Each structure stands twice: as structure tokens, then as C-alpha cells.
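These are the residues of each chain, in order.
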Amino acid sequence: MFDHIVLASNNAGKLQEFSRLLGQQNIRISPQSDFDVGECPEPHPTFVENALAKARHAAKISGLPALADDSGICFPSLNGAPGVLSARFGGEPKSDAANNAKAASELAGKTDLSAYYVCVLVLVRHEHDPQPLIAEGIWHGRWQAEAAGTGGFGYDPHFFLPDQGCTAAELAPEQKNRLSHRGRALAQLLAQIRTFHTR
């Protein structure tokens, strides 16, 4: 059923990460660009709705099962913002520097600097799949005003992990993949795939 999956993204880093983990289940994964799948609008207010829209869009055009993710960072003191708007929090064109500057401005003077990353993965067997596989990973930390570390991307240099004593950008890639919101969501999804294959 899941011998070959299209990834509803053209992000090379995501493709590499998903290919490595899904390859362990003998699942081949291809980027949506291989099937001329264009970008899908993401107008929804929740991660799961956006991920589902992207997965259905890629499955419709490619004719293959499709995997999509939607992810971002949430600050409880900002009522969950930026959430699904994380990639463009600082405006257009999207920029990590602008996003972090906007977050720093919004969080200035706040006493609650807690933060968490969210990743929702959706895997559909076909465009009209009534029972998509859905996995969610959450990674808790807190905002650190001073950037630290050169690894990762996005908000990672400011995402401090008390348990590790460093930011996400200071973790080794293997450690980040194991601890991160995306790593946790992938572990859930792989468990669901294994269960599905043994039915």
C-alpha cells in the first residue's frame, strides 16, 4: 500500500530525513516536483487542516499516496502565535531573521517565555482517503533572547531546551532528529504504518 509515497514538499532537508526513516520500512519517497505538483494554498488556522490539504493536493495530481507536514512554533503568552504563520511571522519575503526579530519584539516584557514546536504529519492513501494517518509531535522549550548555535534553522537559535542546557541550534543533527517535534511525529507515523501493514 505504501511502497511509493510522494512528499508534499520540495524541501531537500525534509526529503532526506523522511527518505532515511521511511526507507527502513522499504518505502520509497519522491518530492512532489517529480510529478509537477505546484504549491498548495495553506489558508487554514490549524496545522492538521493545512497538512491534510497539502497531502490531498499532492495525491490528486501524482496518483500516489502522499505525505505532508505542517509545523511551526507557538508561544502561550502570544495566544499560540505565530502557529501556522511561523514561516512568515516577520512578513514577506519570509526570513528567519525577520521572524526572530518579530518574535523578540512581541515577547519583550513578557514574563512567560515558554514555547513549543508543533509538527503534524498526514499520510493519505489517495485524494479522497476517509481515514488518513495523522501524527503529531510537540517539543517544549522556552524563548532565549540571545541567539546561540549555528545548526538548525528557523527559531532554533532562540529555542532553549532546559533539559539539554542549550538551544536547538546547538544540538548535533542526530540528537535533534531524535528529540524534535518532527522526529516525534515521525516515530508515531512509523508505528501507525507498521500497524497498518500488519492488518
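Keep in mind that this is a model prediction, so the values were computed, not measured. (Residues numbered from 1 in each chain as written. Predicted model: local features only at pLDDT ≥ 70, side-chain atom pairs only at ≥ 80, totals over all residues. Heavy atoms only, no water.)

(A) Fine view of unusual backbone geometry. Look at the link from Ala 81 to Pro 82: it is a cis peptide, with omega at 0°. Within the secondary structure layout, Pro 82 lies in the loop between strand E3 (66-74) and helix H3 (96-107). Despite not being glycine, Asp 36 has its phi angle at roughly 55°, a positive value. You can see Asp 36 is positioned in the loop between strand E2 (28-31) and helix H2 (47-62). (Helix = DSSP H or I, 4+ residues; strand = E, 2+ residues; numbered from the N terminus.)

(B) Representation of the UniProt feature "active site" (unreviewed entry) in the protein. Within this numbering scheme, the UniProt entry marks Asp 70 as carrying the feature "active site" (unreviewed entry). Relative to the helices and strands, Asp 70 is located in strand E3. Given a relative accessible area of 5%, Asp 70 falls into the buried group. When residues no more than four places from it in sequence are discounted, the contact partners of Asp 70 are Glu 42, Thr 46, Phe 47, Asn 50, Ala 51, Lys 54, Val 84, Val 118, Cys 119 and Val 120. Within the structure, the side chain of Asp 70 is placed 3.3 Å from the side chain of Lys 54, a separation counted as a polar contact. (UniProt positions renumbered as here; feature names shortened; annotations may be inferred. Buried < 20%, exposed > 50% of the residue type's maximum accessible area, 1.4 Å probe, protein only. Contact = heavy atoms within 4.5 Å. Polar contact = N/O pair within 3.5 Å; in protein donor to acceptor, adjacent residues only side chain to side chain.)

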